[in-house]
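Residues per chain, in single letters:
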Amino acid sequence: MAPSFDDANALIDFVVRDGNGVKGLVDSGISQVPERYIQPPDERMEKVVESSKDGFSSVPIDLSKLDGPDHDQVVEAIVKAAETLGFFQVINHGMPLDFLESLKNAAHRFFALPADAKSVYLKGVSPSPSVKYGTSFAPEQEKALEWKDFVSMVYTNDGDAQQHWPKECKEEAFDYLKSSIEMVRRLLTVLIGNLGVTLDDSRLESLIGMKMVNMNFYPICPNPELTVGVGRHSDMGTLTVLLQDGIGGLYVKLEESKLDGRKEEWIEIPPIPGALVINVGDSLQILSNGRYKSAEHRVRTTSKQSRVSVPFFAIPRPTTKIGPLRHLAELDGGAIYREVEFQEYMSNFFGHAHDGKKSLDFVKISAN
Ligand SMILES: O=C(O)CCC(=O)C(=O)O
């Protein structure tokens, strides 16, 4: 029998420790979200106003044109998107539509498993440190939990992935990882090339040396107006490639400087069949001395249908030193971020609940 979800400890035991997740909560037949999921009024998403776009293009970028006569225009579009919103969508990226469908199906297959089959991958008991199943982002640190379950697969080598990634989704996750790596290499070469640096293979690899595929599951929510799927945050890595399904609900915040005094505004990244979403992470913002914008984003919940998304995160190797490119800092009259070993940045990132772009404060050099 499901415990009383009015008792916060029993709720955490059921959802987090026993691995039932939000899915288990919903399957138990709740008609209202437990208190612990209720966001403070400022974080609720019931009144999301879609902005007038402010010149941000929602037209996806055709990546196949990077190799043809339109190369320069495609580079310009990628750079502009990275400098403004920090988010863009790509099509003709080399992953066929039926493969993307199979990837979403694989995510549904995993989360449809009974809790005891998923909980073998809980932190502390998982057969490999590279696989982790869980719920919310940092339940120990969060005042209000996120309405999301996830499985995370860190790539170390082909053998580990074959042996340890969950069989319900490993083939698809692995193929997605391999294709995403190629895409990220091309995009980073463009973006860093635009900063006047030609990346050699070893430098490129140090910037994307940690590779991770997550599968996110957002169950139907009885009170979407009180909850969030994922709270406001930016990603810590260099670039993220995201497959979302057709449900929608991914929102990106416009930078304050673009708002001319208007209050905060969020733009929805609309689902486009066959497209993948790309976003800039903190590491690329740091490296570019603030030129490229790591995008603050969050996810709405819905009462209509469960949603899945599959991000691939390209993350610097823990031993890589991340700091602004020296010539940019000189050009700009100083670095706005201090150099840090990425391991340190990552520990700080995971040590806090999602809180917008506060993760960057860890390395920000104050103005005075
Ligand atoms: O589900 C989404 O659309 C975004 C997921 C996300 O932001 C994350 O996993 O960090």
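Residues numbered from 1 in each chain as written. Predicted model: local features only at pLDDT ≥ 70, side-chain atom pairs only at ≥ 80, totals over all residues.

The name recorded for the protein in an unreviewed UniProt entry is feruloyl-CoA 6-hydroxylase, from Coffea arabica. Check the Cofactor (unreviewed entry) section of the UniProt entry for the protein; it says "L-ascorbate". The UniProt entry for the protein carries the following text under Sequence similarities (unreviewed entry): "Belongs to the iron/ascorbate-dependent oxidoreductase family." (UniProt positions renumbered as here; feature names shortened; annotations may be inferred.)

Description of the overall build of the protein
Tallying secondary structure elements over the protein gives eleven helices and 14 strands in all. A globule of 368 residues ought to have a C-alpha radius of gyration of about 21 Å, and the protein, at 20 Å, matches this closely. The C-alpha extent of the protein, read off along each of the three principal axes, is 65 × 50 × 35 Å. Expressed as a percentage of its 368 residues, the buried residues of the protein come to 41%. Considering only contacts in the protein between residues 6 or more positions apart, those separated by 24 or more positions represent 78%. (Helix = DSSP H or I, 4+ residues; strand = E, 2+ residues; numbered from the N terminus. Rg over C-alpha atoms; globule rule 2.2 N^0.38 Å. Buried ≥ 20, exposed ≤ 12 C-beta atoms within 10 Å, placed from the backbone. Contact = placed C-beta atoms within 7 Å.)

Considering the site of the ligand
In the vicinity of the ligand, the contacting residues are Asn214, Asn216, Val230, Asp235, Leu242, Gln244, Leu250, His297, Val299, Ser309 and Pro311. Looking at the shell around the ligand, the elements with two or more residues in it are strand S5 (210-218), strand S7 (239-244), strand S11 (297-299) and strand S12 (307-315). (Near = placed C-beta within 6 Å.)

Digging into the sheet that holds strand S2 (residues 87-91)
Ordered by their spatial adjacency, eight strands build an open sheet running S1-S2-S10-S7-S12-S5-S4-S3, and the pairing between neighbours is mixed. Of all strands in the sheet, those bounded by a partner on one side alone are strand S1 (61-62) and strand S3 (131-135). As defined by bridge partners, S1 adjoins S2 across two bridges and the pair is classed as parallel. Considered in S2, the bridge of Asp62 is made with Ile91. Contacts from helix H4 (residues 97-111) reach strand S4 (149-155), S5, S7 and S12 within the one sheet, and its direction differs from that of S12 by about 105 degrees. (Pairing = 2+ DSSP bridges. Axes fitted to C-alpha atoms, helices over the stretch in contact; angles between N-to-C directions.)

Comments concerning the sheet that holds strand S8 (residues 250-253)
An order of S6-S11-S8-S9 is seen for the four strands of this open sheet, with the pairing classed as antiparallel. Looking at the sheet topology across the chains shown, the edges are occupied by strand S6 (230-233) and strand S9 (266-268). Direction aside, the axes of adjacent strands within the sheet are offset by 20 degrees on average. Inspection of the sheet shows S8 paired to S9 by three bridges, in the antiparallel sense.

Digging into the nonpolar core
Counting residues in hydrophobic clusters, the biggest one holds 89 residues, and the most contacted among them are Ala107, Met215 and Leu239. A per-element tally of this core places helix H7 (residues 170-193) first, with eight residues. When sequence neighbours within four positions are dropped, the list of residues in contact with Leu239 reads Val184, Leu187, Leu188, Ile278, Val280, Gly281, Leu284 and Ala314. (Core = buried A, V, L, I, M, F, W, Y, C linked by C-beta atoms within 7 Å.)

Things to note about the environment of Glu171
The residue Glu171 is located in helix H7 in this model. With 65 residues separating them in the primary sequence, Glu171 and Ala106 have C-alpha atoms 8.8 Å apart.

Let's talk about the pairing of S2
Along S2, four of the five residues are buried, which leaves the element largely enclosed by surrounding structure. Handedness of the S1-helix H3 (residues 71-83)-S2 crossover: right-handed. Alignment of S2 against strand S10 (residues 276-280), held across four bridges, turns out to be antiparallel. Each residue of the ladder has a partner; that of Val90, found in S10, is Leu276. (Right-handed = clockwise from strand over helix to strand, strands pointing away.)

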